[in-house]
Amino acid sequence: MAFSDTSIDAGTARQLGKLLTGTEAKEIADRLADGDTLTIALKVVFAQRRPQVRALLEIRGPGSLARSQLVAVLRAVEGARSAPSALNPLWTMPGHLAQGGPLTSSVTHLVDNARQSVTCSTFNFQRSSGLWTALRRAALRPEITLRVYLDTAAADQQPMPWSPTTSEVAVHLRPGIVLRTKEFDGSPVRNHAKFLAIDHRFLMVTSANFSWSAEHNNIEFGLFIDNRNLTEAVEREMLQAEDLLYERVPGSKN
């Protein structure tokens, strides 16, 4: 598509700043600067928001953006949305012996203080985990979008009294979205990714599963990161892989 030479509209720029993450703004700007079409450039945007972004960027007469102006605006959005990372170790040790950084068990407070969203992924989910009840509280808050990724084999093929099945997790966390691994290229997918993302900003990556032992008694190590661009990128990667690697658990939100 062609781009006009008219001046940038301030309202359009503000709306772009609200809709786009810093990472998305950077990737769209990079692609447009390389000569890609708007359709190709917009593939980096979540599908749900893509029509809104396209409506702002399409040529509609006066107020539409020239390519060079659009790239400049996107660079400004990238800079405004970026922030230095805060990085801390996250420990579990018997007897709470760890001295540096927060403890894994403290992460439940992050979930309770979430304002927009909670996304988590785990291999093993147990009812003894503090996150079991914290995620339930988050699921019942209408302002929170909850998304959980589970390993089918760990939950459904190795049932234990203290470990809920994927269906039980879906019922417990309703109306949140619960997904479980499925087959890909004829082989079952295993979900070993262990992370928690809060409000598209805070990211906890850890060796710990969701269990009391992992939160209190094992030796577990992870990182607690305050970086919106990184957190949004992780969530976007999972969303883009969903249709191929995961399926909605019956009883989960449709």
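What comes next concerns the included structure.

About the thresholds
Here the residue numbers are simple positions, counted from 1 along each chain's written sequence. At least 70 in pLDDT is required for a residue's local features to be given in this predicted model, at least 80 for side-chain atom pairs to be given and counted, and no such filter applies to totals for whole chains, interfaces and linings, which use all residues. Only hydrogens and water are set aside when side-chain values are computed; all heavy atoms of the structure are taken into account. Secondary structure follows DSSP: runs of H or I at least 4 residues long count as helices, runs of E at least 2 residues long count as strands, and numbering of each begins at the N terminus. Residue exposure (1.4 Å probe, protein chains only): buried if accessible area is under 20% of the type maximum, exposed if over 50%, otherwise partly exposed. Throughout, a residue-residue contact means that at least one pair of heavy atoms, one from each residue, lies within 4.5 Å. Under the convention used here, a 1.4 Å probe and the Shrake-Rupley method define accessible areas, while residue burial counts only the protein chains that appear. Asp and Glu count as negative and Lys and Arg as positive, but His and the ends of the chain are not part of the count. By convention, charge coordinates are those of NZ in Lys, CZ in Arg, CG in Asp, or CD in Glu. Any pair of nitrogen or oxygen atoms within 3.5 Å is treated as a polar contact; in protein, a donor-acceptor pairing is required on top of that, and neighbouring residues in sequence qualify only through side-chain atoms on both sides. By the convention used here, strands pair only if DSSP detects at least 2 bridges between them. What counts as an axis is a line fitted to C-alpha atoms, over the stretch in contact for a helix, and the angles between N-to-C directions run from 0 to 180 degrees. In the cavity and pocket records, a cavity denotes points on a 1 Å grid over the protein atoms alone where a 1.4 Å probe fits but cannot get out, a pocket denotes an open set with protein on both sides within 12 Å along at least 5 of 7 lines, and lining residues are residues with an atom within 4 Å of a point. Grid points are joined across faces, edges and corners, and a volume is the space filled by probe spheres set on the points. Under the scheme applied, nonpolar residues are Ala, Val, Leu, Ile, Met, Phe, Trp, Tyr, Cys and Pro; charged residues are Asp, Glu, Lys and Arg; polar residues are all the others, including Gly. Patch rule: a residue counts if its relative accessible area is over 30% and it has no salt bridge; like charges are joined within 9 Å, and nonpolar side chains (Val, Leu, Ile, Met, Phe, Trp, Tyr) within 5 Å. Each reported salt bridge corresponds to a side-chain nitrogen of Lys or Arg within 4 Å of a carboxyl oxygen of Asp or Glu. Here a pair means two rings of Phe, Tyr or Trp (six-membered ring of Trp) with centres within 6.5 Å. Their orientation is stacked below 30 degrees between planes, edge-to-face above 60, and tilted elsewhere.

### Description of the overall build of the chain
- On a plain count of helices and strands, the chain comes out with eleven helices and ten strands.
- Along the first, second and third principal axes, the C-alpha atoms of the chain reach 65 × 45 × 35 Å.
- Every one of the 254 residues in the chain was classed for burial, and the buried ones make up 45%.
- Long-range pairs, those at least 24 residues apart, make up 76% of the contacts in the chain between residues at least 6 apart in sequence.
- Total accessible area on the chain is roughly 12500 Å²; 55% of this is exposed by carbon and sulfur atoms.
- Counting 28 positive and 26 negative side-chain charges, the chain places the averaged centre of each group 5 Å from the other.

### A look at the side chain of S117
- Of note, S117 is situated in strand β2 (residues 117-121).
- Side chain to side chain, S117 and H200 meet in a polar contact 3.2 Å long.
- With residues up to four places along the chain from it excluded, the contact list for S117 reads I144, T145, A197, I198, D199, H200 and E235.

### Things to note about the sheet that holds strand β10 (residues 246-248)
- Overall, mixed pairing links the eight strands, which are arranged β1-β9-β8-β7-β2-β3-β4-β10 in an open sheet. Taken across any chain shown, the strands that pair with only one partner, and hence form the sheet edges, are β1 (86-92) and β10. Sheet twist, expressed as the mean angle between neighbouring strand axes with direction ignored, is 15 degrees.
- Note that β2 and strand β3 (residues 145-150) share five bridges and pair parallel. The partner of S121 across the bridge, within β3, is Y149.
- Across the sheet, helix α7 (residues 130-139) is in contact with β2, β3 and β7 (195-198); its angle to β2 comes to roughly 145 degrees.
- Helix-sheet contacts for helix α11 (residues 228-245) involve β2, β3, β4 (177-181), β7, β8 (202-206), β9 (220-226) and β10, and the interaxial angle to β10 is about 80 degrees.

### Describing the layout of surface pockets
- There is about 530 Å³ of room inside the largest pocket.
- In terms of lining residues, the largest pocket is bounded by 21 residues, among which F46, R49, H200, E235 and L239 are the most central.
- Elements with a contribution of two residues or more to the lining of the largest pocket: α1 (10-19), β2, β3 and α11.
- Counting residues per element, the lining of the largest pocket draws most heavily on α11, which supplies five residues.
- Split into classes, the residues belonging to the lining of the largest pocket amount to seven nonpolar, seven polar and seven charged.
- The volume enclosed by the second largest pocket comes to roughly 210 Å³.

### Re a nonpolar patch on the surface
- A cluster of nonpolar side chains, contributed by L87, F221 and L223, occupies part of the molecular surface with about 260 Å² of accessible area.
- You can see L87 is positioned in strand β1.
- Since its relative accessible area comes to 52%, L87 is described here as exposed.

### A short note on the packing of aromatic side chains
- Counted under the stated rule, the structure contains five aromatic pairs.
- A ring pair is formed by F125 and W132, whose centres lie 5.3 Å apart and whose planes are at 85 degrees; its orientation type is edge-to-face.
- Its relative accessible area of 4% is what places F125 among the buried residues.
- Assessed through its relative accessible area of 9%, W132 is described here as buried.
- Considering the side-chain rings of F202 and F224, the 5.9 Å spacing of their centres and the 10 degrees angle between planes classify their relative orientation as stacked. With F202 in strand β8 and F224 in strand β9, this pair connects stretches of sequence that are 22 residues apart.
- An aromatic cluster is present here, built from F125, W132 and F210 joined pairwise through their rings.

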